[in-house]
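The residues making up each chain are set out below.
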Amino acid sequence: MTATTATTARTTPLVELTGVSKYYGNIRALEGVSLEVGAGEITCVLGDNGAGKSTLIKIVAGLHRHDAGTFRIDGEEVVLGTPRDALDRGIATVYQDLAVVPLMPVWRNFFLGSEPTKGKGPFRRLDVERMRTTTREALLRMGIDLRDVDQPIGTLSGGERQCVAIARAVHFGAKVLVLDEPTAALGVKQSGVVLKYVAAARDQGLGVVLITHNPHHAYLVGDRFVLLKRGLMAASHAKGSVTLDELTRQMAGGSELDDLRHELERPTAP
């Protein structure tokens, strides 16, 4: 491999969307949206409700096919037909509701759908000890030290459940981690814990797509920022090219907010 080829290979984004659009009949859900995420980077997608964030997640996760534009994984143009296609290509999505079984222990949820077994024929059974040990070790590698992996996952805090889901995706070989509003229902302290493990996933070389409506959380960990508004790209920034104040202003509406401020100002007495 030549030096030029090696450089190109290193800089090829893990995921790249260029001018991607999605329509539901006459309704425009997304139009002309572009983003990229590289290994060891966090790309934050910001927007209010109805901005198109959920549609973008569904395209990247393989739930919906895009109608226009290009979607590349490791430089190869793809059209994902199912979530399994995305998983097979190393894209793991952690949704806000987490899809856990609250009464099952942490280790059971960690392996849900991918349970290892031992024995043969009628003596085949779940390898419980392996699952317990592997869950504990995988969590510790991410710096997550739970009291007991046998406790029901429903007894964990919201932040702890998010961290288990992140560790699970890392353990099962994800190259790209898509996180849907992981801090939306959390307090300040728990949000900080989750962001710490998002950064830990990045430091392990994963590419992360962080969907959020909170510019403060995004700015703490993000390398790139894509702002969506009514299905369109309102802005795209690298971290070094935008301040938190400006990102917050654009997220809040920018010039529209200034116009609203003028309308709401109390008239001065004559």
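For clarity, every value in this text was computed on a predicted model and none was experimentally measured.

Caption draft 1: Quick peek at the pattern of salt bridges. Tallied over the entire structure, the rule returns 13 salt bridges. In this structure, K53 and E181 form a salt bridge, with 3.9 Å as the shortest nitrogen-oxygen distance. With K53 in helix α2 (residues 53–60) and E181 in the loop between β9 (176–180) and α7 (188–203), the pair connects residues that are 128 residues apart, well separated along the chain. Overall, E181 belongs to the buried group, its relative accessible area being 9%. One network of salt bridges, in which partners are shared, links E36, E41 and R224.

Caption draft 2: Focus on the packing of helix α5 (residues 128–141) against helix α6 (residues 158–171). At a closest axis distance of 9 Å, the pairing of α5 and α6 adopts a crossing angle of 100 degrees. Comparing the axis directions of α5 and α6 gives the class roughly perpendicular. Facing T134, A138, L139 and R141 of α5, the residues of α6 in contact are V164, A167 and H171. The class makeup of the residues in the contact of α5 with α6 is four nonpolar, two polar and one charged.

Caption draft 3: Focus on the packing of α6 against α7. Orientation of α6 relative to α7, taken along the N-to-C sense of each, is 10 degrees, at an axis distance of 8 Å. On the basis of their axis angle, the class for α6 and α7 is roughly parallel. Of the residues in α7, those in contact with G158, G159, Q162, C163, I166 and V170 of α6 are Q190, V193, V194, Y197, V198 and A201. Taken together, the residues of the contact of α6 with α7 break down into eight nonpolar, four polar and no charged.

Caption draft 4: The packing of aromatic side chains, seen in detail. Following the criterion strictly, the structure yields four aromatic pairs and no others. Look at Y219 and F225: their rings are 5.7 Å apart centre to centre, the planes differ by 10 degrees, and that puts the pair in the stacked class. The buried category is assigned to F225, whose relative accessible area is 0%. Pairwise contacts between aromatic rings join F110, F111 and F172 into one cluster.

How each quantity is defined
Residues numbered from 1 in each chain as written. Predicted model: local features only at pLDDT ≥ 70, side-chain atom pairs only at ≥ 80, totals over all residues. Heavy atoms only, no water. Salt bridge = Lys/Arg side-chain N within 4 Å of Asp/Glu carboxyl O. Helix = DSSP H or I, 4+ residues; strand = E, 2+ residues; numbered from the N terminus. Buried < 20%, exposed > 50% of the residue type's maximum accessible area, 1.4 Å probe, protein only. Axes fitted to C-alpha atoms, helices over the stretch in contact; angles between N-to-C directions. Parallel < 35°, antiparallel > 145°, perpendicular 65-115°, else oblique. Contact = heavy atoms within 4.5 Å. Nonpolar A, V, L, I, M, F, W, Y, C, P; charged D, E, K, R; others polar. Phe/Tyr/Trp six-rings, centres within 6.5 Å; stacked < 30°, edge-to-face > 60°.

It is worth stressing that arrangement in space is one thing and function is another; only the former is reported here.
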